[in-house]
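# Fold and contact review
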Amino acid sequence: MISVEITRDTDGNIDSFLVKNHGDSYVCGAVSMLVINTVNSIETFTKQGFDCDYELDGAYVSFALKEPRDENAAILLKAMHLGLTGVREEYPDEINMKEM
């Protein structure tokens, strides 16, 4: 089962996320696409600093924003959350999402 942990700041914006473990190949592919595209988009289209650690074989991505926060990065993270929520609704036995 894929595990997604999302941390929010005091304003409710996504501050960091952790995605780990494998699931069904289709679901895993969808989650990977959403997460990798979000990280690449933040790096390419914003000035947002962040820390990112990953292991492709171990199915692990850890991502955390640095200060100052970029509004465009917040929008991209909201879009990722929307996509992950949609995948979870379709495949509830494949994804466990926690928000902190």
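These notes cover the structure that comes with them. What you see is a predicted model; the values in this text were computed from it and never measured. (Residues numbered from 1 in each chain as written. Predicted model: local features only at pLDDT ≥ 70, side-chain atom pairs only at ≥ 80, totals over all residues. Heavy atoms only, no water.)

## Some details on the packing of helix 1 (residues 25–45) against helix 2 (residues 71–90)
Close contact between helix 1 and helix 2 brings their axes to 9 Å; oriented N to C, the two are set at 175°. In terms of their interaxial angle, helix 1 and helix 2 are classed as roughly antiparallel. Residues Val 27, Ala 30, Val 31, Leu 34, Val 35, Thr 38, Ser 41 and Ile 42 of helix 1 lie in contact with helix 2, whose contacting residues are Ala 73, Leu 76, Leu 77, Met 80, Gly 83, Leu 84 and Val 87. Taken together, the residues of the contact of helix 1 with helix 2 sort by class into 12 nonpolar, three polar and no charged. (Axes fitted to C-alpha atoms, helices over the stretch in contact; angles between N-to-C directions. Helix = DSSP H or I, 4+ residues; strand = E, 2+ residues; numbered from the N terminus. Parallel < 35°, antiparallel > 145°, perpendicular 65-115°, else oblique. Contact = heavy atoms within 4.5 Å. Nonpolar A, V, L, I, M, F, W, Y, C, P; charged D, E, K, R; others polar.)

## Thoughts on the sheet that holds strand 2 (residues 14–20)
What the five strands build is an open sheet, ordered 3-4-2-1-5; its pairing is mixed. Where the open sheet ends on each side, the last strands, each with one partner, are strand 3 (50–55) and strand 5 (95–99). Direction aside, the axes of adjacent strands within the sheet are offset by 10° on average. Helix 2 rests against strand 1 (2–8), strand 2, strand 4 (60–65) and strand 5 of the sheet, and its axis sits at about 140° to strand 5. (Pairing = 2+ DSSP bridges.)

## Concerning the nonpolar core
Ile 2, Val 4, Phe 17, Val 31, Phe 63, Leu 77 and Ile 95 are the most contacted members of the largest nonpolar core, which totals 23 residues. Of all the secondary structure elements, the ones that give two or more residues to this core are strand 1, strand 2, helix 1, strand 4, helix 2 and strand 5. When residues of this core are assigned to their parent elements, the largest contribution, six residues, is made by helix 1. Setting aside its immediate chain neighbours within four residues, Val 31 contacts Ile 2, Val 19, Leu 84, Val 87 and Ile 95. (Core = buried A, V, L, I, M, F, W, Y, C linked by side-chain atoms within 4.5 Å. Buried < 20%, exposed > 50% of the residue type's maximum accessible area, 1.4 Å probe, protein only.)

## Quick notes on helix 1
With 21 residues, helix 1 extends 29 Å from end C-alpha to end C-alpha; this agrees with the ideal 30 Å at 1.5 Å per step. Taken together, the buried positions of helix 1 are occupied by Val 27, Cys 28, Val 31, Val 35, Thr 38, Val 39, Ser 41 and Ile 42. Along its buried surface, helix 1 packs onto strand 1, strand 2, strand 3, strand 4, helix 2 and strand 5. Capping of helix 1 at its N-terminal end is provided by Asp 24; its side-chain oxygen lies 3.0 Å from the backbone amide nitrogen of Tyr 26. (Expected span 1.5 Å × (residues − 1). Polar contact = N/O pair within 3.5 Å; in protein donor to acceptor, adjacent residues only side chain to side chain.)

## Focus: helix 2
For helix 2, which comprises 20 residues, the first-to-last C-alpha distance of 29 Å matches the rise-based estimate of 28 Å (1.5 Å per residue) to within 8%. Those residues of helix 2 that fall on the buried side of the exposure criterion are Ala 73, Leu 77, Met 80, His 81, Gly 83, Leu 84, Thr 85 and Val 87. Here the buried face of helix 2 lies against strand 1, strand 2, helix 1, strand 4 and strand 5.

## Examining unusual backbone geometry
Note the cis peptide between Glu 67 and Pro 68, where omega equals -10°. Take Pro 68: it is sitting in the loop between strand 4 and helix 2.

## Focus on the side chain of His 81
Within the secondary structure layout, His 81 lies in helix 2. In contact with His 81, not counting residues within four places along its chain, are Ile 6, Arg 8, Ile 14, Met 97 and Glu 99.

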